[in-house]
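# Descriptive analysis of the structure
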Amino acid sequence: MDAYPVVAEVSSFLGTPADELDASLGAEKRAALRTAVGELNAKAATGDPAAFYGQQLLLSRLYGLSMQLPEGPSAEGSLALQEVLRLLEQATVAAEDAMLEPGILDAAPAEPAAFLSWLKKSARAHRVYKHPYYREFIRDRATADDLRNYVMQESVVDGRFDDLLALMQVGTGGAAKLEIAGNFWDEMGNGEPAEVHTHLFNQIFRVFDISAEEMERSLTANALLSGNLAVLLCRYRHLYAEAVGFLGMTEWLAPDRFVQVVHAWERLGLPDVGIVYHKLHITIDSRHAAGWFHNVVVPAAESERMRRAIARGTLWRLNSSARYLDERMPDPAVH
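Throughout what follows, the structure given in this document is the object of discussion.

Reading the values: the criteria
Residues numbered from 1 in each chain as written. Predicted model: local features only at pLDDT ≥ 70, side-chain atom pairs only at ≥ 80, totals over all residues. Heavy atoms only, no water. Salt bridge = Lys/Arg side-chain N within 4 Å of Asp/Glu carboxyl O. Helix = DSSP H or I, 4+ residues; strand = E, 2+ residues; numbered from the N terminus. 1 Å grid on protein atoms, 1.4 Å probe; cavity = no way out; pocket = protein on both sides within 12 Å on 5 of 7 lines; lining within 4 Å. Points joined across faces, edges and corners; volume = space filled by probe spheres on them. Nonpolar A, V, L, I, M, F, W, Y, C, P; charged D, E, K, R; others polar. Axes fitted to C-alpha atoms, helices over the stretch in contact; angles between N-to-C directions. Parallel < 35°, antiparallel > 145°, perpendicular 65-115°, else oblique. Left-handed = near helix turned anticlockwise from the far one by under 90°. Contact = heavy atoms within 4.5 Å. Buried < 20%, exposed > 50% of the residue type's maximum accessible area, 1.4 Å probe, protein only. Lys, Arg positive; Asp, Glu negative; His and termini not counted.

### With respect to the pattern of salt bridges
Summed over the entire model, instances satisfying the criterion amount to 18 salt bridges. Asp326 serves as the salt-bridge partner of Arg127, at 2.3 Å between the closest nitrogen and oxygen. One end of the pair, Arg127, is in the loop between helix H6 (112-125) and helix H7 (132-140); the other, Asp326, is in helix H16 (residues 304-328), with 199 residues separating them in the sequence. Ionic contacts of the salt-bridge type, sharing partners, join the residues Arg30, Arg34 and Glu83 into one network.

Rendered as structure tokens:
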């Protein structure tokens, strides 16, 4: 962040009431902010790791305005910050689209059942499928400290999956809305407070004594990106179909991954209370993925526009997850 002071500057605005903030930022200052964020995005697009980290950290903090209840004054709704947010979102979308294989969205079959088979086949052929980070490192080699770092990175998606579902179901109807609602109710522990999945996930933080401050400091740029993509797709109605692909693939991949996490947890003899979430999701996410594909993906796939967008969101998830897991792989000389 020292290399890109706009990250700290915009972050310092987040606790100022929106109207007060906008009144204090004149046209010249807002233009300067847009220029600085544009430069940050341009550097991130060249592969500059500090710029990419700053870009995704700032985007995550701005999303926090609408994803968390504030403890004091909040800049949520600020017009100046909305300009910054849109620049960060546009750059993030452009980067993910640039990583799509040319022509791949045109290759999807039109018939809904065939389209679903194509999605699954594409996932199975992707290098992220059964990634060695889970199948080799986490399962057999990870230490307790490795698992501690792992759960912090995973918190950006797993730790708020209920809120993502709540966001994306707005405006839906029929079988799709019921499927999303059913998933949400499962996330809510079917009405049992002690079984709410975010509560269960948070038990891992208690096992490892992880604070919110440490968690943000520990997140990598690619972990932040994973969380930001999920929020981006779920909060905007015009990206609903991309969210269908992104979250559907997230749930489909989770059971095999979580089997390896449970194996590592038990191998290390860690407290049982911390692994309840992962054990539960091995079976629940298998059921959720099947229902999601049947009740959300297949009906939507009647539309060419929806098919293309679902495929886009699916590939964003596969590609971003692959980059995230690649960086998580340890140096062989260390382990």
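Here the narrative resumes.
### Overview of the layout of surface pockets
If a probe the size of a water molecule is rolled over the atoms, the empty space left behind becomes visible. Considering only enclosed or pocket space, the largest pocket measures out at about 1,100 Å³ in volume. Lining the largest pocket are 29 residues, with Gly64, Gln68, Arg160, Ala212 and Glu216 positioned closest to its centre. Those elements giving two or more residues to the lining of the largest pocket turn out to be helix H4 (49-67), helix H8 (144-158), helix H11 (197-208) and helix H12 (212-218). For the lining of the largest pocket, the element with the highest residue contribution is H4, accounting for 6 residues. Residue composition of the lining of the largest pocket, by class: 13 nonpolar, 10 polar and 6 charged. Empty space within the second largest pocket amounts to approximately 270 Å³. At the level of elements, helix H3 (27-45), H4, helix H5 (79-98) and helix H13 (221-235) are the ones that each hand at least two residues to the lining of the second largest pocket.

### Quick look at the packing of H7 against H8
At a minimum axis distance of 11 Å, the contact between H7 and H8 shows a crossing angle of 150 degrees. The orientation of H7 relative to H8 falls into the category roughly antiparallel. In this structure, the crossing between H7 and H8 has a hand that is left-handed. Taken together, the residues of H8 that come into contact with H7 (itself represented by Tyr133, Tyr134, Phe137 and Ile138) are Asp146, Leu147, Tyr150 and Glu154. Along the lines of polarity and charge, the residues of the contact of H7 with H8 split into 6 nonpolar, no polar and 2 charged.

### Quick look at the side chain of Glu154
Tracing the backbone through its elements, the reader meets Glu154 in helix H8. Buried charge without a salt bridge: Glu154, with Arg317 as the nearest opposite-charge side chain at an N-O distance of 5.8 Å. With sequence-adjacent residues up to four places away left out, Glu154 is seen in contact with Tyr134, Gly159, Phe201 and Tyr324.

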